[in-house]
Amino acid sequence: MSNFIDIGALGDIPQQGARLVKTAAGCIAIFRTVEDKVFALDDKCPHKGGPLSNGIQHGEAVTCPLHNWVFDLNTGAAQGADVGQVQTYPVKVENGRVLIDKNSIATKAAAA
Amino acid sequence: MCKCTDLSHQDVRKFIRLKALKSIPAIMQDLEWGSSGGCAACRPALNYYLVAEWPGEYVDDGQSRFINERVHANIQKDGTYSVVPRMFGGMTTPDELRAIADAADKYNVPSVHVTGGQRIDLLGVQKEDLPAMWADLNAAGMVSGHAYAKGLRTVKTCVGKDHCRFGTQDSTGLGIKLEKALWGAWSPHKFKLAVSGCPRNCAEATCKDFGIICVDSGYKLLVGGAAGMDLRETELLGTVETEADALEHCAAFYQLYRENAQYLHRPYKWIAEVGLDWVIEQIMDNAENRAALADRFFFSQSFYQTDPWAERAQGGEAHEFTPMADLTQVAAE
């Protein structure tokens, strides 16, 4: 079951930027695209742990700031020749507010 | 330029000028970019070309800058940052050193390193602590050293004729003047200077983007050095007689490079393309052109020579440094 909770306004995140949500099992990066779509991914590159929230976002992808791995924001999968997977979380926008699935975060925290 | 367009860097810059394109979306629309919103290669280049072309008009796009330039600190392998305050001409004071030591204690800086550019690197700072640490350094009179920038980095100097028995000119004083004039400028790649007080060259001016070697009769101006991926010795641009001349020639050379070089090309790469003779013609042989270049540089500086740390210490760009929400206490229902 999903259980969405409010984490802030869409306007709190710059377009083509990201903000962090702290959880008991590390940070989740909330990305906002130029079309105002939002995505939630672990803020940790599977390659060397780079903070993906600090990467350059382009289209629906982000480039890790440490070694330029590129991840699809929809799936969390590495693009191109690199092989890796970042966990994604259900997130949506309603009435200008950003909502994230609380249960998936609690599950992540319990597993950590 | 990248997979988003068939145009070259030079084509894109030409169109930015000719068509007066003043934003990244305007460039992408007018020049029919093949991707939606560009990529991590073209966006920083376009942002630089707009910064250089339209000082005072263009609104910098932080999301098109690499993280180091977005948060004005260098990202490290563990996601922490390093902080390097500017020390003009490599000079510092006991008060500055005390403030740096206090900041290192207060923010639990694990490593303090002396850089090759004659300043101090505080390594391992948490991103959330950056604005408060900058505020403390600002309070002691220090500004960002731009150690992260495709822009003016350091001006390395030797102690010059004030102390050295071989010194021919005030190399330290000239280095400070140069750094005070040039800091804050963005360029296609990093730009490093050095001023040596005599041909023994203790400041290693012969491997800098712009180096000066003082001699009894004046100042030898050297360009196109590098000591990075490639090792390059500088070549002689020309010789001038006064400090004021050295400063004007340096500003003019920097501006010529800023206006013409491809993004991520150091001066030596750009000089290899355009030819040193052309650069000498533009700077040494044409006083009117040289003065115009220097004027355009200082006009640009009137907008860009601001301390990015002070802006952020006062609350600017807060979204970069604070989390959006804290869900550490969340439990499933």
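### Topic: the overall build of chain B
And then number 1: Check the secondary structure of chain B and you find twelve helices and twelve strands.
And then number 2: Relative to the 2.2 N^0.38 estimate, which gives 20 Å for 333 residues, the radius of gyration of chain B is 21 Å and therefore close to what a compact globule would have.
And then number 3: When burial is assessed residue by residue, chain B has 48% of its 333 residues classed as buried.
And then number 4: Once local pairs closer than 6 in sequence are excluded, the contacts in chain B between residues at least 24 apart make up 62%.

### Points about the overall build of chain A
And then number 1: Each helix and strand counted, chain A has one helix and ten strands in total.
And then number 2: Secondary structure of chain A in N-to-C order comes out as β-β-β-β-β-β-β-β-β-β-α.
And then number 3: At 13 Å, chain A has a C-alpha radius of gyration in line with the 13 Å of a compact globule built from 112 residues.
And then number 4: Each principal axis of the C-alpha distribution contributes one length, and for chain A these read about 35 × 35 × 20 Å.
And then number 5: Residues classed as buried in chain A amount to 42% of the 112 residues present.

### A word on the pairing of strand S5 (residues 152–157) of chain B
Residue and element names in this part refer to chain B.
And then number 1: Extensive coverage of S5 is indicated by the burial of six of its six residues.
And then number 2: One ladder, built from four bridges, connects S5 with strand S6 (residues 191–196); its direction is parallel. Following the sheet pairing, Val155 is matched in S6 by Leu193.
And then number 3: For the crossover from S5 across helix H7 (residues 171–182) to S6, the handedness is left-handed.

### Re the nonpolar core
And then number 1: Among the nonpolar cores identified, the biggest contains 91 residues, and Ile212(B), Phe253(B) and Tyr254(B) are the most heavily contacted of them.
And then number 2: Among the elements that line this core, the one with the most residues is helix H8 (residues 243–260) of chain B, at nine residues.

### Here we look at the interface of chain B and chain A
And then number 1: Facing 24 residues of chain B, the contacting portion of chain A comprises 33 residues.
And then number 2: The element best represented in the side of chain B that touches chain A is strand S12 (residues 325–327) of chain B, accounting for three residues.
And then number 3: Looking at the side of chain B that touches chain A residue by residue, the class counts come to twelve nonpolar, eight polar and four charged.
And then number 4: Relative to S12(B), strand S2 (residues 17–23) of chain A is paired through three bridges, and the arrangement is parallel. By the bridge assignment for S12(B), Lys22(A) is matched with Asp326(B).

### Points about helix H6 (residues 130–139) of chain B
All names here are of chain B.
And then number 1: For H6, the complete set of buried residues consists of Leu130, Pro131, Met133, Trp134 and Leu137. Buried positions in H6, seen along its axis, are confined to an arc of 160° and lie on one side of it.
And then number 2: The secondary structure elements touched by the buried residues of H6 are helix H4 (67–71), strand S2 (81–83), helix H5 (94–106), strand S4 (120–125) and helix H12 (308–313).
And then number 3: Two residues or fewer after H6 comes Gly141, characterised by a positive phi angle close to 90°.

### As for the sheet that holds S12(B)
And then number 1: The sheet built from five strands is open, its strands ordered S8(A)-S4(A)-S3(A)-S2(A)-S12(B) with mixed pairing. Looking at which strands have only one partner, the edges of the open sheet turn out to be strand S8 (88–89) of chain A together with S12 of chain B.
And then number 2: Direction of pairing for S2(A) relative to strand S3 (residues 26–32) of chain A: antiparallel, over a ladder of seven bridges. Of the residues in S3(A), the one forming a bridge with Gly17(A) is Arg32(A).

### A closer look at the packing of H7(B) against H8(B)
Residues and elements named next belong to chain B.
And then number 1: Taken N-terminus to C-terminus, the directions of H7 and H8 make an angle of 40°; their axes are 11 Å apart at the nearest point. Taken as a pair, H7 and H8 cross one another with a handedness that is right-handed. On H8, the residues touching Leu174, Lys177, Leu178, Ala181 and Leu182 of H7 are Glu243, Ala246, Leu247, Cys250, Ala251 and Tyr254.
And then number 2: Looking at the contact of H7 with H8 residue by residue, the classes come out as nine nonpolar, no polar and two charged.

### Focus: unusual backbone geometry
All names here are of chain B.
And then number 1: Despite not being glycine, Glu32 has its phi angle at roughly 55°, a positive value.
And then number 2: Tracing the chain through its elements places Glu32 in the loop between helix H2 (24–30) and helix H3 (42–53).
And then number 3: Unlike most non-glycine residues, His146 shows phi in positive territory, near 50°.
And then number 4: Turning to its location among the elements, His146 is positioned in the loop between H6 and S5.

### A word on the confidence of the model for chain A
And then number 1: Mean pLDDT over chain A: 94, with 99% of residues reaching 70 or higher.
And then number 2: The least confident element of chain A, judged by mean pLDDT, is helix H1 (residues 102–111) of chain A at 85; the most confident is strand S4 (residues 38–42) of chain A at 98.

### Quick look at the domain arrangement of chain B
Put simply, an interface is often sized by how much accessible area is lost when its parts join up.
And then number 1: What the domain assignment lists for chain B is domain 1 (9–65), domain 2 (68–148) and domain 3 (152–304).
And then number 2: Inter-centroid distance (C-alpha atoms) of domain 1 of chain B to domain 2 of chain B is 31 Å.

### Some remarks on the environment of Val112(B)
Residues and elements named next belong to chain B.
And then number 1: Among the structural elements, Val112 can be located in strand S3 (residues 111–114).
And then number 2: In this structure Val112 comes out as partly exposed when scored by C-beta crowding, with 13 C-beta atoms within 10 Å.
And then number 3: Taking the C-alpha atoms as reference, Val112 lies 29 Å from Pro188; in sequence the two are 76 residues apart.

### Considering the sheet that holds strand S6 (residues 61–63) of chain A
Hydrogen bonds between backbone atoms are what pair the strands of a sheet, whose relative direction is either parallel or antiparallel.
All names here are of chain A.
And then number 1: In space, the three strands of this open sheet follow the order S5-S6-S7, with antiparallel pairing throughout. One side of each edge strand has no neighbouring strand; the edge strands of this open sheet are strand S5 (56–58) and strand S7 (70–72). Along the sheet, successive strands turn relative to each other by an average axial angle of 25°, direction set aside.
And then number 2: Summarising the sheet, S6 and S7 pair through three bridges and their orientation is antiparallel.

### Description of H7(B)
All names here are of chain B.
And then number 1: Between its first and last C-alpha atoms H7 spans 16 Å; for twelve residues at 1.5 Å apiece the expected length is 16 Å, and the two agree.
And then number 2: Counting buried positions over the twelve residues of H7 gives nine, a clear majority of the element.
And then number 3: Three or more residues of H7 are buried, namely Ser171, Thr172, Leu174, Gly175, Lys177, Leu178, Glu179, Ala181 and Leu182.
And then number 4: Considering only its buried residues, H7 is in contact with S5, S6, strand S7 (210–215) and H8.
And then number 5: Gly184 lies just past H7 and shows a positive phi near 95°.

Thresholds applied
- Residues numbered from 1 in each chain as written.
- Chains lettered and ligands numbered in written order.
- Predicted model: local features only at pLDDT ≥ 70, side-chain atom pairs only at ≥ 80, totals over all residues.
- Helix = DSSP H or I, 4+ residues; strand = E, 2+ residues; numbered from the N terminus.
- Rg over C-alpha atoms; globule rule 2.2 N^0.38 Å.
- Buried ≥ 20, exposed ≤ 12 C-beta atoms within 10 Å, placed from the backbone.
- Contact = placed C-beta atoms within 7 Å.
- Pairing = 2+ DSSP bridges.
- Right-handed = clockwise from strand over helix to strand, strands pointing away.
- Core = buried A, V, L, I, M, F, W, Y, C linked by C-beta atoms within 7 Å.
- Nonpolar A, V, L, I, M, F, W, Y, C, P; charged D, E, K, R; others polar.
- Arc of directions from axis to C-beta.
- Axes fitted to C-alpha atoms, helices over the stretch in contact; angles between N-to-C directions.
- Left-handed = near helix turned anticlockwise from the far one by under 90°.
- pLDDT = per-residue confidence, 0-100.
- Domains from an automatic or database assignment.
- Expected span 1.5 Å × (residues − 1).

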